[in-house]
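Chain by chain, the residues run as shown.
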Amino acid sequence: MIPELGHLALIVALQLALLQGVLGIAGAARGSNAWMAMARGAAAGQLLFVATGFLALAWSFLVNDFSVMNVADHSSRFLPVEYRITAAWGSHEGSFLLWTLLMSAWTIAVVLLGRKLPADLHARVIGIMGLLSFFFLAYILFTSNPFMRLHPPPANGSDLNPLLQDPGMIIHPPLLYMGYVGFSVAFAFAIAALISGKLDETWARWVRPWTLMAWVFLTLGIMIGSWWAYYELGWGGWWFWDPSENASLMPWLAGTALLHSLVVTERRGALRVWTVFLALVTFSLSLVGTFLVRSGVLSSVHAFALDPLRGLFILVFLGILIGAALILFAKRAGAVKATVGFGMVSRESAMLTGNVLLLAALATVFLGTLYPLLLDALDLGKISVGPPYFNAVFVPMMVPVLLLLGIAPWMRWGGESLPGLVRQLRWQAVVAVLVGMTLPFAFEAWRWPAALGSTLAAWMMLSTISGLHARHRATGGLPLAAWGMGCAHIGLAIGVAGMGLVSAYQSEKTVAMQAGDSASLGRHEFIFRGAEEVPASNYSAMRGTLELKTQGREPAILLPEKRIYRSSRMTMTESAIRYGFTGDVYVAMGEPLPEGAWSVQLYLKPFVGWLWGGALLMALGGLLAALGCRNQGARP
């Protein structure tokens, strides 16, 4: 009964989404207040019915209703309660239902918080978001129905993928999807501006806080995903250039460019066409990422769908949506073109240059991710594009972006004196180079990744802090948005420092250990005390016990595990980590060896935690900037 209710709720939501889209766009065109009001009501109804469908699916998982195929394929009686609920979005069908629920929630946020927007713009944005929701609901109902029945139902389910049975995966997908879906608001505003031909500084003030919040969620989602891969996959990596990781990085890079372009449009009325283009590209890349992960074209720990029909549906929709948006952009871009100019040496030119470099770096990721898939699809052979390519191409392109990040805030709008700029920043540059060149000598050897990361981090920190101080002294105070900018830039600097140091000085060792054996790595000694079987509700595990002795610290006990899940019979590695401000000690169990020995992987990860600490500061900075935006009625 509950699954049928959920399915019926989604059918009603589909009709309301179409009604919302048609009435919103047509009401704006006709100037009909009644139609625009009905569009807002349809959006509220759509949220109600989509939420009903999602709760029906979650309830089916909670009570182990294995007559629902989705539950039978992605849950089991042994699964803990918390993972039964989150399994609702661990499946392909459930993940799209979560996407649609979040789309409805973002739409209602626009309905409620955008009431002071011009009525026609407000209605067009709501209508466009309604049409987007209509597609996803149609996709769910026609190709990915989460309420398909099984007759007769099995006695037990196949279990949730063990990789997803982790607290990190409870919050990672919702955060990532909140970012993806949140960029639909900027997309809808851009389409509405192209239709009406009205885009000015006020439009940018309306769009910026929504874009900031989407960027914050996507930043947090990527951070949690990276941290999850670090501790869950058992190899101690924090970014492997996996195609699914790249699928989230690409809209993040485009969204970062969009945020900075919006600042220029808001402050100077410049770069209007460029800003609209970035809004279209950012959400389009969110959809491309969804296609990559959910269509079955990827082989990845993050990709779950294997049905070509679903991939074809998404691909056709992508072609229609992106094609229509680009055609509209080509025809109407002239209507929103800015007439404001700026000098070659100005804040506008610096931010535009940074934007172009970000998109160029994005293009290298796009090419490295899709080119192997295209060759395979055309039966032209198989190639593998991995970290060597991305590290050799992407990293050098980001260096000038980070240098500009420290320069642009010091430049004046409209034009700047280059000699004056050099005088203002000369000491920050000298100190940054000295720090970067000398800091690696504090470690075991001088290595260029550490020098480069430290130089860039010191440059960003010094230029940001001194810039904020100078502005505070000149104006007597700083707006919240300026504090947010500073927090985000310092967070990025901390993350870059962590990347450079862990890349330069991480070390590892694989050893065969029996009870009583010891091994050393760096200044750490590991003593293996043996392994014992540890039962759990849905798996059995062999848990190793290692005593960690570190110079200058209290001894610690690390408990890595090798798990076998009952229903799927999959084997998983659970690492044991001692976290620290200056680095982590990471241990993972390998395979059992003769005579009771075990293969044990030992890793030292200096300053790796700075990556996620920096990302948290970046997200906090984005939140502060969003709260500091002072635009009427559009502030989320």
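Along each chain, residue indices are assigned from 1 in the same order as the chain's sequence is written. Whole-chain, interface and lining totals are the exception, using all residues; otherwise, since this is a predicted model, local features are given only for residues with pLDDT of at least 70 and side-chain atom pairs are given and counted only at 80 or more. Excluding hydrogens and water, the side-chain figures rest on all heavy atoms present in the structure.

### A word on the domain arrangement of the protein
Where each domain begins and ends follows an automated or database-derived domain assignment. The domain architecture assigned to the protein consists of domain 1 (1-165), domain 2 (169-416), domain 3 (421-506 + 608-636) and domain 4 (525-605). With centres defined by C-alpha atoms, the gap from domain 1 to domain 2 works out at 25 Å. Contacts between domain 1 and domain 2 engage 35 residues on the former and 41 residues on the latter. Each of two parts loses accessible area, computed with a 1.4 Å probe, when they are put together; buried area is these two losses added. For the pair domain 1 and domain 2, the summed buried area comes to about 3500 Å², and 83% of that belongs to carbon and sulfur atoms. Three residues, Trp99, Trp106 and Leu163, lead the burial of domain 1 against domain 2; their summed loss comes to 22% of the area buried on that side. Any two residues whose heavy atoms approach within 4.5 Å are treated as being in contact.

### A few points about the environment of alanine 457
Take alanine 457: it is sitting in helix 15 (residues 448-475). For alanine 457 and tyrosine 180, which are 277 residues apart along the polypeptide, the C-alpha to C-alpha distance reads 28 Å. Ignoring any residue separated from it by four or fewer positions in sequence, one finds alanine 457 in contact with Ala493 and Ala497. The numbering of helices and of strands both runs from the N terminus, where a helix is a DSSP run of H or I of at least 4 residues and a strand a run of E of at least 2.

### A short note on the pairing of strand 3 (residues 524-535)
On a regular strand, each side chain points to the face opposite its neighbour's, so the side chains alternate between the two faces of the sheet. Paired strands, as defined in this entry, are two strands with at least two bridges between them according to DSSP. Summarising the sheet, strand 2 (residues 518-521) and strand 3 pair through four bridges and their orientation is antiparallel. In the strand pairing of strand 3, serine 518 is matched with isoleucine 527. Once strand 2 ends, the chain turns through two residues before running back antiparallel as strand 3, passing glycine 522 with a positive phi of about 65°. Pairing analysis gives eleven bridges linking strand 3 to strand 4 (residues 539-550), with the strands arranged antiparallel. Note on strand 4: the bridge partner recorded for phenylalanine 526 is leucine 548. Between strand 3 and strand 4, which pair antiparallel in sequence order, lie three residues.

### Here we look at a nonpolar patch on the surface
Here a patch means residues that are over 30% exposed by relative accessible area and free of salt bridges, tied together within 9 Å if like-charged and within 5 Å if nonpolar (Val, Leu, Ile, Met, Phe, Trp, Tyr). Here, Shrake-Rupley sampling with a 1.4 Å probe gives the accessible areas, and only protein chains in the shown set may cover a residue. Think of a salt bridge as a Lys or Arg side-chain nitrogen and an Asp or Glu carboxyl oxygen that are within 4 Å of each other. On the surface, Val433, Met437, Phe441, Trp446 and Trp448 cluster together into a nonpolar patch covering about 570 Å² of accessible area. Its relative accessible area of 43% is what places valine 433 among the partly exposed residues. Burial here depends on accessible area, computed with a 1.4 Å probe over protein chains only, as a share of the maximum for the residue type. Under 20% is buried, over 50% is exposed, and the range in between is partly exposed.

### Some remarks on the packing of aromatic side chains
Working definition: a ring pair exists when centres of Phe, Tyr or Trp rings (six-membered ring for Trp) sit within 6.5 Å. Plane angles under 30 degrees give stacked, over 60 give edge-to-face, the rest tilted. One pass over the structure, following the stated rule, counts 31 aromatic pairs. Look at phenylalanine 135 and phenylalanine 136: their rings are 4.7 Å apart centre to centre, the planes differ by 70°, and that puts the pair in the edge-to-face class. Note on accessibility: phenylalanine 135 and phenylalanine 136 belong to one class, buried. On the numbers, 5.3 Å between centres and 50° between planes, the contact of tyrosine 539 with tyrosine 565 is tilted. Residue tyrosine 539 is located in strand 4, and its partner tyrosine 565 is located in strand 6 (residues 561-565); the two are separated by 26 residues in the primary sequence.

### Observations concerning the sheet that holds strand 10 (residues 598-606)
Across the sheet, which stays open at both edges, the four strands sit in the order 1-10-9-8 with antiparallel pairing between neighbours. Where the open sheet ends on each side, the last strands, each with one partner, are strand 1 (507-513) and strand 8 (576-578). For this sheet the average axis-to-axis angle between neighbouring strands, irrespective of direction, equals 20°. The sheet contact formed by strand 9 (residues 583-592) and strand 10 spans eight bridges and is antiparallel. In the strand pairing of strand 10, valine 585 is matched with leucine 604. Under this scheme, a helix contributes an axis fitted over its contacting stretch, all axes are lines through C-alpha atoms, and angles between N-to-C directions fall in the 0 to 180 degree range.

### Observations regarding the nonpolar core
Residues grouped as a nonpolar core are buried Ala, Val, Leu, Ile, Met, Phe, Trp, Tyr and Cys residues, joined through side-chain atoms within 4.5 Å. If you look at the biggest cluster of nonpolar residues, it comprises 172 residues, and the most contacted ones within it are Trp99, Trp106, Phe187, Phe189, Trp203, Leu280 and Phe283. Per element, the largest residue contribution to this core is 20 residues, and it comes from helix 8 (residues 201-232). Apart from the residues within four sequence positions on either side, tryptophan 106 is in contact with Met129, Met178, Val181, Gly182, Val185, Trp210, Met213, Ala214 and Phe217. Residues Phe528, Leu558, Val587 and Val600 belong to the second largest nonpolar core, which totals 18 residues.

### So, the side chain of arginine 563
Here arginine 563 lies in strand 6. Dropping the residues within four chain positions of it, arginine 563 is found in contact with Tyr539, Ser540, Ala541, Met570, Thr571, Met572 and Glu574.

### Structural notes on the pattern of salt bridges
Considering all chains together, one arrives at twelve salt bridges under this definition. Between arginine 149 and aspartate 65 there is a salt bridge, with the nearest N and O atoms lying 3.6 Å from each other. Separated by 84 residues along the polypeptide, arginine 149 in the loop between helix 6 (119-143) and helix 7 (168-196) and aspartate 65 in the loop between helix 2 (33-62) and helix 3 (69-74) bring together distant segments of the chain. A relative accessible area of 19% places aspartate 65 in the buried class. The partner of glutamate 547 in a salt bridge is arginine 529, with the nearest N and O atoms 2.5 Å apart. A residue pair is termed long-range when its members are at least 10 positions apart, and glutamate 547 in strand 4 and arginine 529 in strand 3 qualify at 18 residues.

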